[in-house]
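Descriptive analysis of the structure
If you want the building blocks of each chain, they are given just below.
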Amino acid sequence: MARLPAAVSTGLLLLTACVRALPPSDGGGNPDPSAEPVLARIADWEDRRSLAGGELVRIATSAPDAAVRRRALRALGRIQDVTTLDAVVAGLTASDATVRDEAAFAAGELALSWEPLPDEARTALTAALTRAEASEADPTVRTTLLESLGKLATPGAVEALTARLSPADSPWAAPAAKALGVVARKAGAASVAGVPLAAMVALTDPARPQAVRYGGAYLLATAKRPEAVPTLRGCLGDADPDVRALCAKGLGDVGGPTDAPALAPLLADGTPRVAAEAARALAKHVAKCQAAQGPTGCPPLGALASLASPVKQVAAGHAAWAHPLLAVAQQGLPVSGRPLLINLRSALAEADRSAKSDEARTDLAWLDCRFAAALDRQSGELKEARACGFGRVADPRRLALGLHEVAQFTQGVSAPASPGATPPRGPGAAFAVPLLGHASPVVRGAALEVVAERPVPEALAPVRALIAGDDAVVAGLAASAAGKLHDAEALPAVEVLAARVPREPDLAEAVAGALVALQGRAAEPRLREWLGHPHANVRRVAAEALTTLTGAPVRSAHVELPADTYRPPAAPPGTTLTLRTRKGDITVLLVRDAPLTGGNLVALAKQGYFRGVTFHRVVPDFVAQGGDPRGDGEGGPGHSIRCEMTRRPYTRGVVGMALSGKDTGGSQFFFTHSPQPHLDGRYTVFGEVVAGMDTVDALLEGTVIDDVIVGTHAP
């Protein structure tokens, strides 16, 4: 067995030396009733991120009751402490298959640690997983091992997974392909460059089962091989919408303008999210068109002209058809696509006059602002978004949306003003400076993004003032901007803000970046203090900042949470949350294996927290995210909860918690439009849609949650 260096392994063995005996197993799949107190202790240790002086490791390695051992391994996976790696690896060779399966999952969770594993730990884990996979007879366990190798994403993991791609009719080909796709998402397409294309292509044969075709399409889409274009064109006609969407996505990344005839028919696909992927792919291809295309013009641009048809569908109340339009607006078009954006805005304005309902008019208004912002992104000026939305989109939302897009303007980039400074992405944006004083914190935050990317001297003083402002989110964004601007005069204000981090952990990331940029090695003492902070994300941020400063890997200490850390009561089994919107209701059944997360959402719902909150982020064929009272993705309830990663994959209609780091869940959640394997085990799954998936498909940015009702699911 490959082991960690002696300093780590010996310490682990000392921790496991003294643990009281556990009740024996009843021999079944459930724990003996007398084990309930032990299970309760494990749950408490997990929630406090405690190893219980070594007792949790001892239980995970040698508890006689398989169910108790599984629960301890789940806790170790969620705690994600590298010193427990030996205990997880030991579980891979347990006699009980269910214990091996849980150990395999826990290994994947260690691989996904927010604070990355040291190289020696990754090497040891790769060796343990590949050895276990090669000898595992149980198909369920073997699949979990393949999934965890994908999460690890080391060269050794890629080699082991590649060996399982062939033959294509092997039961391991599909999970191996999906795991390799996760590797490509995590480590980049270059990490799977050695995987034979023929093995990928063989999986997409229309005669193969859906799971196999999906795995092949997922790997092809993430591997980004130009030589795969013919195969990607061919699978655009697959019978499964998820496969069609993946093939369109892949073709968008590696294809070109000549693929427009193959993609264009999908704009009228019976599944709007497939049409959205085709629209996004065509938008990418517009940017690849040469300035002079001859008499045929730019084929992708011509194909996108048919999006006037979805505009009519949205006006008729079929909001899901807004997704192809939204995909193009979010992707953006080069200046050559400006007439198309203008024409689509005209179509929206015309449709607004005959829209079926007020909700349809609201959807059209938000789309108009999306296209207006796309136009502003082309010009680098905040013009169209100032008056978009037919009078139905509030001024702060219009301005913030436009500012976010303008910040991405890249034409006319000049050299940095001083050595070591970050070069701006476009010419100075003086128009954003007055908006730093806007009444809305959402607008102030968006304006900070613009001046950080496209600085002007007159922005420096207002940015400094915002660091000392009352809004903590804006103060953090201002500190981050000051760091990017290399404004040494802002350092005193940043240091004052840094003193708030121990009691306001959400400030850590922005402040750490500013300290590194403005103070350099002088920031090291403060950052080292943060390595012992109770909040895992503060420790992670400090470790990353110190690694940058010192040039040597720095890791944080293991710290237990205080006994008084917020812990809502668990929701009873069968609890549902019904989101009421003007588009319809969505009923979510809470899962039993994320009690803290479910209980937190139930408590917030009972307080009326979600009334009037909008869905602020919708990415077609990916997620719809809501739950932020600020409406800009920066807000929350004022507390955070621990992650509870579950075995449930992110298939279509799954509900997960949005995070900004380990254990940062609050009130923001998301629905998945389609399977998202790269999210598995990374974000807590707390529910699944049991009614109203058509409403999920209809969600758009700006859709209001009227209320969230707590109920019980009827079996």
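One can find the structure itself at the top, above this paragraph.
Quick caveat, the model's predicted, so the values are computed rather than measured.

Moving on, we get to the packing of aromatic side chains. As enumerated under the stated definition, the model contains 9 aromatic pairs in all. Summarising the aromatic geometry, the rings of tyrosine 609 and phenylalanine 610 are spaced 5.2 Å apart at their centres and angled 80 degrees between planes, so their arrangement reads as edge-to-face. Overall, tyrosine 609 belongs to the buried group, its relative accessible area being 18%. Where phenylalanine 615 meets phenylalanine 669, the ring centres are 6.1 Å apart and the plane angle is 90 degrees; that geometry is what we call edge-to-face. Of the two residues, phenylalanine 615 is situated in strand E3 (residues 615–619) and phenylalanine 669 in strand E6 (residues 669–672); the sequence distance between them amounts to 54 residues. The exposure class of phenylalanine 669 is buried, given its relative accessible area of 4%.

Our next topic: the state of the cysteines. The final tally for this structure, using the stated rule, is 3 disulfides. Each disulfide pairs two cysteine sulfurs, and for cysteine 235 the partner residue is cysteine 247, the sulfurs being separated by 1.9 Å. Note on the cysteine 235 and cysteine 247 pair: the S-S dihedral is about -115 degrees, so by sign convention the disulfide is left-handed. Pair noted here: cysteine 235 is in the loop between helix H13 (229–234) and helix H14 (241–254) and cysteine 247 is in helix H14, with a separation of 12 residues, a long-range link. Taken as a pair, cysteine 235 and cysteine 247 share a single burial class, namely buried. Residue cysteine 289 pairs covalently with cysteine 298 via a disulfide, S to S 2.0 Å. Residues cysteine 289 and cysteine 298 are joined through a disulfide that is right-handed, its torsion about the S-S bond being 75 degrees.

Attention shifts here to the nonpolar core. Note that soluble globular proteins tend to have their nonpolar side chains buried in a common cluster. The biggest cluster of nonpolar side chains holds 154 residues, and the ones touching the most others in it are Leu125, Leu304, Phe669 and Phe671. Counting 57 residues, the second largest nonpolar core, distinct from the first, contains Leu448, Leu466, Ala514 and Val541.

Time to look at the side chain of arginine 74. Here arginine 74 lies in helix H4 (residues 66–79). Owing to a relative accessible area of 12%, arginine 74 belongs among the buried residues under this scheme. Once residues lying within four places of it in the same chain are set aside, the contact partners of arginine 74 are Glu46, Glu102, Phe105, Asp593, Met645, Thr646 and Arg647.

Time to look at the pattern of salt bridges. Under the criterion given, the structure shown has 48 salt bridges. Of the charged contacts in the structure, one is a salt bridge between arginine 78 and glutamate 46, with a shortest N-O distance of 3.0 Å. Of this pair, arginine 78 sits in helix H4 while glutamate 46 sits in helix H2 (residues 36–47), and the two are 32 residues apart along the sequence. Given a relative accessible area of 3%, arginine 78 falls into the buried group. Assessed through its relative accessible area of 4%, glutamate 46 is described here as buried. For aspartate 471, the salt bridge identified is with arginine 630, shortest N-O distance 3.0 Å. One end of the pair, aspartate 471, is in the loop between helix H24 (460–467) and helix H25 (472–485); the other, arginine 630, is in the loop between strand E4 (623–626) and strand E5 (654–657), and 159 residues separate them in sequence. Each of the two residues, aspartate 471 as well as arginine 630, counts as buried. In this structure, a network of salt bridges that share partners links the residues Asp44, Asp47, Arg48, Glu560, Arg567 and Arg642.

Quick look at the pairing of strand E2 (residues 584–590) now. Most of E2 sits out of view: 5 of its 7 residues are buried. Bridge count between strand E1 (residues 575–581) and E2: 6 bridges; the pairing is antiparallel. Note that in E2 the partner of threonine 576 across the bridge is leucine 589. Pairing analysis gives 4 bridges linking E2 to strand E7 (residues 685–691), with the strands arranged antiparallel. Bridging from a neighbouring strand, valine 588 pairs with valine 689 of E7.

Attention shifts here to empty space enclosed by the protein. All chains considered together, the criterion is met by 2 cavities of 30 Å³ or more. In this structure, the largest cavity encloses a volume near 60 Å³. Forming the walls of the largest cavity are Leu577, Leu579, Val588, Leu601, Phe610, Val655, Phe669, Phe671, Phe686 and Val708. Grouping the constituent residues of the lining of the largest cavity by class yields 10 nonpolar, no polar and no charged. Size it by volume and the second largest cavity reaches roughly 40 Å³. Forming the boundary of the second largest cavity are Leu326, Asp363, Trp366, Leu367, Arg370, Leu700 and Glu701. No other element matches the 4 residues that helix H21 (residues 358–379) contributes to the lining of the second largest cavity.

A few words now on the side chain of serine 667. Mapping serine 667 onto the fold places it in the loop between E5 and E6. The class for serine 667 is buried, based on a relative accessible area of 1%. Among the polar contacts made by the side chain of serine 667, one reaches the side chain of tyrosine 609 at a distance of 3.0 Å. Polar side-chain contacts of serine 667 include one of 2.7 Å to the backbone oxygen of glycine 627.

Quick look at unusual backbone geometry now. Along the chain, serine 166 connects to proline 167 via a cis peptide bond; the corresponding omega equals -5 degrees. Take proline 167: it is sitting in the loop between helix H9 (155–162) and helix H10 (173–187). Although it is not a glycine, lysine 224 adopts a positive phi angle of roughly 55 degrees. Residue position: lysine 224 is located in the loop between helix H12 (210–223) and H13.

Parameters and conventions
Residues numbered from 1 in each chain as written. Predicted model: local features only at pLDDT ≥ 70, side-chain atom pairs only at ≥ 80, totals over all residues. Heavy atoms only, no water. Phe/Tyr/Trp six-rings, centres within 6.5 Å; stacked < 30°, edge-to-face > 60°. Buried < 20%, exposed > 50% of the residue type's maximum accessible area, 1.4 Å probe, protein only. Helix = DSSP H or I, 4+ residues; strand = E, 2+ residues; numbered from the N terminus. Disulfide = S-S within 2.5 Å. Core = buried A, V, L, I, M, F, W, Y, C linked by side-chain atoms within 4.5 Å. Contact = heavy atoms within 4.5 Å. Salt bridge = Lys/Arg side-chain N within 4 Å of Asp/Glu carboxyl O. Pairing = 2+ DSSP bridges. 1 Å grid on protein atoms, 1.4 Å probe; cavity = no way out; pocket = protein on both sides within 12 Å on 5 of 7 lines; lining within 4 Å. Points joined across faces, edges and corners; volume = space filled by probe spheres on them. Nonpolar A, V, L, I, M, F, W, Y, C, P; charged D, E, K, R; others polar. Polar contact = N/O pair within 3.5 Å; in protein donor to acceptor, adjacent residues only side chain to side chain.

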